[in-house]
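Residues per chain, in single letters:
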Amino acid sequence: MKRLTALSVPLLTLAIAGCGEESDQLPVDGRDFDGVNYSEPAPYQGRVIDGYLRNARVWLDVDGDGKYTAESFTVELDNGNSAVIEGGEPMAMSGQDGAFSLDLAALQLSPQEGRPLDPRDYPLFAAAIPGTTVEQTEVGDQAIAVGYVLSANPGVRNVTPLTTLARYQTALELMPGGDLGESLAGINVTADYIRGQDDRAHAYARALVKFMTQQVASSIPERAGAELSLSPEEARLLGTSLLRHAPAVITAVDQAAGDDYSSVAIDTLELPDVTVSITDPLVLTGQQVFARAESGELPVAPDNLVVSTGLEFEYGEDGRLAKIAANGCLALSMPELARLIDAGGYMGRLSTQWLPSVSLAPAGWDAFNPENDPDQVVDETLTFDWDARIIEFQTSTLCHAARGIEPASTELGAGAEVSYSWSEQDGAISELVATVGGVGADAGAVYRFIPGAAGVGELVADYVISKDGQTLESVERQGEPVAVACEPVDEETAQESFVVTETLSYLFAGYEPQPASFTDLALEYDTRTLSTDGAEVKVNRLLRYAFLDPALAGSGNVTADAGFQWLLHYDSTPDVNAPNLIREAYLSDYSVQSCGTGRPAPARAYAKVEYSYMKLSEYLLEAIQ
């Protein structure tokens, strides 16, 4: 098989520390320097270390899946041949002082197959098994209560929490250095720090294991009491979290140690409390809002719209939305906040993530304009505290003056302009309350969102919004969805990525008098079965819905007297696991459409919104970088 990139000596930009007394047959830093070509089935020896771990399962990960493979398997060789590795991957249980010796006989190939496989081409893994593995300490053997997995880069034969950090950094293709490199400066991450009498490295390792076991206990508690076997997806997410929080773990050790790392009480350290999503969903990470025309007046041809707001969506390791930051202006939507709350804050649980909403206020461009704001600083934020059931909106702009919401300061951090809280019943949101702060005309006003019988999990669900006890708007769905009752869709239209196949009538009340043309309202859906990557995927895509918004219509640069509608576009080839993710949305005047047709971009639009998504693990890795 192809030789994997070996661990470089200055990994994480660390200087190799001096070593203490060393009598083991391996170099103290755990690497293999002898240069021997492994033509003979000599044992492959090393140690498993937190403190020394006895009865840990150690294996050479020849098939590259990060899990121990006990049965025979086939590998592809560099010479084009394939070979069967009989009896599974080389494995042993560690003994006294964590020592292990792997029998490499299975890696010896016949001359017809090719050269023997070199164990230095593959990473080592070690599983600490509850009820089986014990840690040797100065006060005696300590049983392992929560399972965890350690690993080391190819060629490294000490398997420790520090080599695990190094391997994750290599496997996840992160650049060396950064905060982690600074935190571990002067530490030889491949060393046997016990034999080398490196109390600092040993303290770091013990704290990292505590953090890892906390992650396992909170993220996959059903497996915490057994031998841990991680899928590549789970390992990627747990490893990303480990790398992300390792500097904080190391800082906690440094603060507790002072000048004496040998006496750090690891069990008393307050380490980051992190729960990791192990499903790696696609999540919405950004929106570009095009809601300005060079002429200043809206609507215009969509191609004449320019960017006026950029939104970034921030997440924790558990996949919960933590913050939305806007360069420009956010548009607040109580129905959409309620829908997110009903999903527990997990954006990836929503089939369609975050229906579009925009501000058309000219002040949005003033905040975003690169000439005024060359550094593109954040102008508005929505911050989520899920445990406290609080969402806070802060702004430094005048984008919401038409709604009576103005900032208390031209800088963020001077207090929330709007604070949201909610109550739940039978596991679902029963009321969302927004209290306006700040200094605007609406200061002290209270808005209430109450879901109707349909709840809020559905798109554009039944609801009533009131302000200080007076109803502002409501949506009431009429009956059940019905298939379109028109001529069959022609072959050309059927190939489009948006085709109306189902409608659901609804009533929109409020903001009287309503435009005379604002009638025959219906949610339009695409419910076809589409082909993607050889699989058939049933989609449920909202394509169009209408609404009224006097503040939006009265933005000063807007000519609107017919109500608004959103037209939503999706990928023509859906993602198997997330087929209903919006890619583009257009805001235009409301008009009654005929069913069974596609929904192209409108001739004139007030705004366009472009969505971007990432796997949660990719987002978290980017945040580390």
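The structure we're discussing is the one just above.
These figures come from a predicted structure and were not determined experimentally.

S.K.: Before we move on, could you go through the overall build of the chain and cite the residues and values that matter?
M.R.: Counting its secondary structure elements, the chain contains nine helices and 31 strands. Taking the principal axes of the C-alpha coordinates as reference, the chain spans close to 90 × 60 × 50 Å. Here the chain holds 625 residues, and the buried ones make up 53% of them. Once local pairs closer than 6 in sequence are excluded, the contacts in the chain between residues at least 24 apart make up 65%. Carbon and sulfur atoms make up 47% of the accessible area of the chain, which amounts to about 26600 Å² in all. Averaging the locations of the 37 positively and 93 negatively charged side chains of the chain gives two centres separated by 3 Å.

S.K.: How would you explain the sheet that holds strand β12 (residues 158-159) if you had to name every residue and give the values?
M.R.: One key point about sheets: their strands pair by backbone hydrogen bonds, in either a parallel or an antiparallel sense. Judged by pairing direction, the sheet is mixed, and its three strands sit side by side in the order β7-β1-β12 without closing on themselves. Taken across any chain shown, the strands that pair with only one partner, and hence form the sheet edges, are β7 (99-102) and β12. Judged from the two bridges that link them, strand β1 (residues 44-48) and β12 form a sheet pairing that is parallel. Note on β12: the bridge partner recorded for Val-48 is Val-159.

S.K.: Hey, could you go over the state of the cysteines for me, with residue numbers and the actual values?
M.R.: Two cysteines whose sulfur atoms are joined by a covalent bond form what is called a disulfide. According to the stated counting rule, one finds one disulfide in the structure shown. Paired through a disulfide, Cys-329 and Cys-399 show a sulfur-sulfur distance of 1.6 Å. Where Cys-329 bonds to Cys-399 through sulfur, the torsion about that S-S bond is close to 50°, and the disulfide is right-handed. On the criterion of sequence distance, the pair formed by Cys-329 in the loop between β15 (321-327) and α5 (334-342) and Cys-399 in the loop between β17 (390-395) and β18 (418-425) is long-range, its members being 70 residues apart.

S.K.: Outline unusual backbone geometry, supporting the account with residue identities and numerical values.
M.R.: Note the cis peptide between Leu-298 and Pro-299, where omega equals 10°. Tracing the chain through its elements places Pro-299 in the loop between β13 (282-293) and β14 (305-315). Looking along the chain, the bond that leaves Glu-512 and enters Pro-513 is cis, with omega of -5°. Within the element layout of this structure, Pro-513 appears in the loop between β24 (502-510) and β25 (522-526). With a phi close to 65°, Asn-55 is a non-glycine residue in the positive phi region. Residue placement: Asn-55 occurs in the loop between β2 (52-54) and β3 (57-60). With phi around 60°, Asp-97 is a residue other than glycine that occupies positive phi space. Classification of Asp-97 as partly exposed rests on a relative accessible area of 24%.

S.K.: Go over the side chain of Arg-339 with me, naming the residues and quoting the values.
M.R.: Considering the arrangement of structural elements, one finds Arg-339 in helix α5. Of the polar contacts made by the side chain of Arg-339, one reaches the side chain of Glu-336; its length is 2.6 Å. Once you skip the residues sitting within four places of it in the chain, Arg-339 turns out to touch Leu-350, Thr-352, Gln-353, Trp-354, Leu-355, Val-456, Gly-457, Glu-458 and Leu-459.

S.K.: Which residues make up the packing of helix α3 (residues 199-219) against helix α4 (residues 232-257), and what values do they have?
M.R.: Orientation of α3 relative to α4, taken along the N-to-C sense of each, is 135°, at an axis distance of 9 Å. The orientation of α3 with respect to α4, classified from their angle, is oblique. Between α3 and α4 lies a crossing whose hand is right-handed. Within the contact between the two elements, α3 uses Ala-203, Tyr-204, Ala-207, Leu-208, Phe-211, Met-212, Gln-215 and Ser-219 and α4 uses Leu-238, Ser-241, Leu-242, His-245, Ala-246, Val-249, Ile-250, Val-253 and Asp-254. Residue composition of the contact of α3 with α4, by class: 12 nonpolar, four polar and one charged.

S.K.: For a negative patch on the surface, give the residues involved together with the corresponding values.
M.R.: A grouping of Glu-138, Asp-199, Asp-259 and Asp-260 is seen on the molecular surface, where their side chains present a negatively charged patch. Its location among the elements puts Asp-260 in the loop between α4 and β13.

What counts, and where the lines are drawn
- Residues numbered from 1 in each chain as written.
- Predicted model: local features only at pLDDT ≥ 70, side-chain atom pairs only at ≥ 80, totals over all residues.
- Heavy atoms only, no water.
- Helix = DSSP H or I, 4+ residues; strand = E, 2+ residues; numbered from the N terminus.
- Buried < 20%, exposed > 50% of the residue type's maximum accessible area, 1.4 Å probe, protein only.
- Contact = heavy atoms within 4.5 Å.
- Areas by Shrake-Rupley, 256 points an atom, 1.4 Å probe, with all protein chains shown as cover.
- Lys, Arg positive; Asp, Glu negative; His and termini not counted.
- Charge placed at Lys NZ, Arg CZ, Asp CG, Glu CD.
- Pairing = 2+ DSSP bridges.
- Disulfide = S-S within 2.5 Å.
- Polar contact = N/O pair within 3.5 Å; in protein donor to acceptor, adjacent residues only side chain to side chain.
- Axes fitted to C-alpha atoms, helices over the stretch in contact; angles between N-to-C directions.
- Parallel < 35°, antiparallel > 145°, perpendicular 65-115°, else oblique.
- Left-handed = near helix turned anticlockwise from the far one by under 90°.
- Nonpolar A, V, L, I, M, F, W, Y, C, P; charged D, E, K, R; others polar.
- Patch = residues over 30% accessible without salt bridge, like charges linked within 9 Å, V, L, I, M, F, W, Y side chains within 5 Å.
- Salt bridge = Lys/Arg side-chain N within 4 Å of Asp/Glu carboxyl O.

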